[in-house]
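Chain residues, written in single-letter form:
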Amino acid sequence: QAAVTSMTSPNATLESSVAEHAKRLKLQMKRLRPNNTASIRPGSSRPMSSRSSRPSTASYRLTHRDLAHATKEFEVSVKQFVPLLMLQAKALWDQGEYAKTEAFLQQHSEILGDNNIFCENMAHTLFLQQGDKFEESIPYYEVLINSHTDTSNLLDLPAMALANLCVAHILTNQNEEAEAIMKAIALEEDNAMAMGEVTESYHNSIVNLAVGTLYCERGNYDFGIRRICKSLEPFDKNLSPDTWFYTKRCFLALASKISKLMFMMNDTMLHGIIDFLGDVEAEGTNIVLGDSISLTNEPTTIASEARQLKQMFVTLST
């Protein structure tokens, strides 16, 4: 109701509803935990362990039935509160005010310490601020992983969250942690496909694509392009308009650097790119890219764009 009403008076209505829900949740937490401690360490924006923010029976005289009822009531209130909170946070996010979004979410960290939706959005908010915030985003992304280890697997998590976590590890010189996550994703994806649990999964492809793009943006095109090429294998499973869009952006950026004499491509790298684009051309013949029309009035396909890119790199090498 608050979300609908906020369409006409967004600030007052939504802020009032968020404040009202937050107040009610704090009272419920007091009932469950009279000696309540914050779920965020003092002086830190990192979440505590997943158990620390959950209601406890310590030093509180509630019957088991009362406690169960109060806990259920608290969980229902959290489910009602989270969408409203995220709706208000989105208003700041859409304006690119990531620092303000972080500060706003942090005000409610005591209530939502280990809530997956809260942690994912806080992690994304920190991640986009870059710099030192990359390291701060890691514990929030890890809450998502830790919450799934017992009941499901990594493929149930958002692929972009896993990709950002790997990128954050790499940017904070924790390459081994990133590699471990990527290997675990690849293993779980292979097992799920082999057992017929899923018919398609792009987690491994998206993570490799994100990591490859990162290295390209940092100027390490040799390693970055190899990662990107790997992200599309096997082509019949991972080649799509979406994955191709990000792939070709990196190849175009590389071509631009070469044309400006800002990067020298060796023969091994050239041959690898030509072979890769040839494979993409063969596999992407029937994959049409939206409503794009070429100069010959033929629909643009992944194959036609791969062919153009291949010719471009051949020309640049001569």
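Details of the structure are given in the entry above.
These numbers come from a predicted model, not from an experiment. (Residues numbered from 1 in each chain as written. Predicted model: local features only at pLDDT ≥ 70, side-chain atom pairs only at ≥ 80, totals over all residues. Heavy atoms only, no water.)

**A word on the overall build of the protein chain**
Helix and strand counts for the protein chain come out as 15 helices and two strands. Accessible surface for the protein chain amounts to roughly 17800 Å². Of this, 52% is attributable to carbon and sulfur atoms. (Helix = DSSP H or I, 4+ residues; strand = E, 2+ residues; numbered from the N terminus. Areas by Shrake-Rupley, 256 points an atom, 1.4 Å probe, with all protein chains shown as cover.)

**Notes on the side chain of Thr-172**
Looking at where Thr-172 falls in the secondary structure, it is placed in the loop between helix H8 (159–171) and helix H9 (175–194). Engagement of the side chain of Thr-172 in a polar contact is seen with the backbone oxygen of Ala-168, the distance being 2.7 Å. Engagement of the side chain of Thr-172 in a polar contact is seen with the backbone oxygen of His-169, the distance being 3.2 Å. In this structure Thr-172 touches Phe-134, Glu-135 and Ile-138, once residues within four positions along its chain are discounted. (Polar contact = N/O pair within 3.5 Å; in protein donor to acceptor, adjacent residues only side chain to side chain. Contact = heavy atoms within 4.5 Å.)

**Quick notes on helix H13 (residues 241–259)**
Every α-helix carries 3.6 residues per turn, so stepping three or four residues along brings you back to the same face. If you check H13, its first and last C-alpha atoms are 26 Å apart, about what 19 residues at 1.5 Å a residue would give, namely 27 Å. Of the residues making up H13, those classed as buried are Thr-243, Trp-244, Thr-247, Lys-248, Cys-250, Phe-251, Leu-254, Ala-255 and Ile-258. Relative to the axis of H13, the buried residues are bounded by an arc of 155° and lie together on one face. One or two steps after H13, the chain reaches Leu-261, where phi turns positive at roughly 60°. (Expected span 1.5 Å × (residues − 1). Buried < 20%, exposed > 50% of the residue type's maximum accessible area, 1.4 Å probe, protein only. Arc of directions from axis to C-beta.)

**Structural notes on helix H14 (residues 267–283)**
Over its 17 residues, H14 runs 24 Å from end to end, which matches the ideal 24 Å to within 8%, given 1.5 Å per residue. By the burial criterion, the buried members of H14 are Met-269, Leu-270, Ile-273, Phe-276, Leu-277, Val-280 and Glu-281. Burial along H14 is one-sided: seen end-on, the buried residues are contained in an arc of 140°. H14 presents Asp-267, Thr-268, Asp-275 and Ala-282 as exposed residues on the side facing more than 90 degrees away from its buried surface.

**Structural notes on the nonpolar core**
Within the largest apolar cluster, 53 residues are counted, with the highest numbers of intra-cluster contacts made by Leu-85, Leu-105, Leu-112, Phe-118 and Val-207. A per-element tally of this core places helix H3 (residues 64–94) first, with 10 residues. The residues touching Val-207, leaving out its near neighbours within four places in the chain, are Ala-159, Leu-162, Ala-163, Cys-166, Met-182 and Ile-185. (Core = buried A, V, L, I, M, F, W, Y, C linked by side-chain atoms within 4.5 Å.)

**Quick look at the environment of Thr-301**
On the secondary structure map, Thr-301 appears in strand S2 (residues 299–301). Using a relative accessible area of 12% as the deciding quantity, one classes Thr-301 as buried. On a C-alpha basis, the gap between Thr-301 and Leu-289 in space is 5.3 Å, while along the polypeptide they are 12 residues apart. Excluding anything up to four places from it in sequence, Thr-301 contacts Gly-284, Thr-285, Ile-287, Val-288 and Leu-289.

**Some details on the packing of helix H10 (residues 203–217) against H13**
Remark: H10 packs on H13, axes separated minimally by 10 Å, with the N-to-C direction vectors making an angle of 20°. Taken together, the axis directions place H10 and H13 in an arrangement best described as roughly parallel. Seen from above, H10 lies across H13 with left-handed handedness. Residues Ser-205, Leu-209, Thr-213 and Cys-216 of H10 form the contact with H13, whose own contacting residues are Thr-243, Tyr-246, Thr-247 and Cys-250. Grouping the constituent residues of the contact of H10 with H13 by class yields four nonpolar, four polar and no charged. (Axes fitted to C-alpha atoms, helices over the stretch in contact; angles between N-to-C directions. Parallel < 35°, antiparallel > 145°, perpendicular 65-115°, else oblique. Left-handed = near helix turned anticlockwise from the far one by under 90°. Nonpolar A, V, L, I, M, F, W, Y, C, P; charged D, E, K, R; others polar.)

**Details of the packing of H10 against helix H11 (residues 221–231)**
One can describe the packing of H10 onto H11 by two numbers: an axis separation of 7 Å at closest approach and a directional angle of 165°. Relative to H11, H10 is oriented roughly antiparallel. In this structure, the crossing between H10 and H11 has a hand that is left-handed. Here Ser-205, Asn-208, Leu-209, Val-211, Gly-212, Thr-213, Tyr-215 and Cys-216 of H10 lie close against H11, whose contacting residues are Tyr-221, Phe-223, Gly-224, Ile-225, Arg-227, Ile-228, Lys-230 and Ser-231. The class makeup of the residues in the contact of H10 with H11 is eight nonpolar, six polar and two charged.

**Overview of the state of the cysteines**
This structure, assessed with the given rule, holds zero disulfides. Unpaired in terms of disulfides, Cys-229 finds its nearest cysteine sulfur in Cys-216, a separation of 9.2 Å. We note that Cys-250 lacks a disulfide partner, and the nearest cysteine sulfur, in Cys-216, lies 4.3 Å from it. A relative accessible area of 6% means that Cys-250 is categorised as buried. (Disulfide = S-S within 2.5 Å.)

**Regarding the environment of Phe-127**
You can see Phe-127 is positioned in helix H6 (residues 116–129). Measuring from C-alpha to C-alpha, the distance between Phe-127 and Asn-164 comes to 7.5 Å, with 37 residues separating the pair along the chain. Those residues in contact with Phe-127, other than ones at most four positions away along the chain, are Phe-134, Ser-137, Tyr-141, Asn-164, Val-167 and Ala-168.

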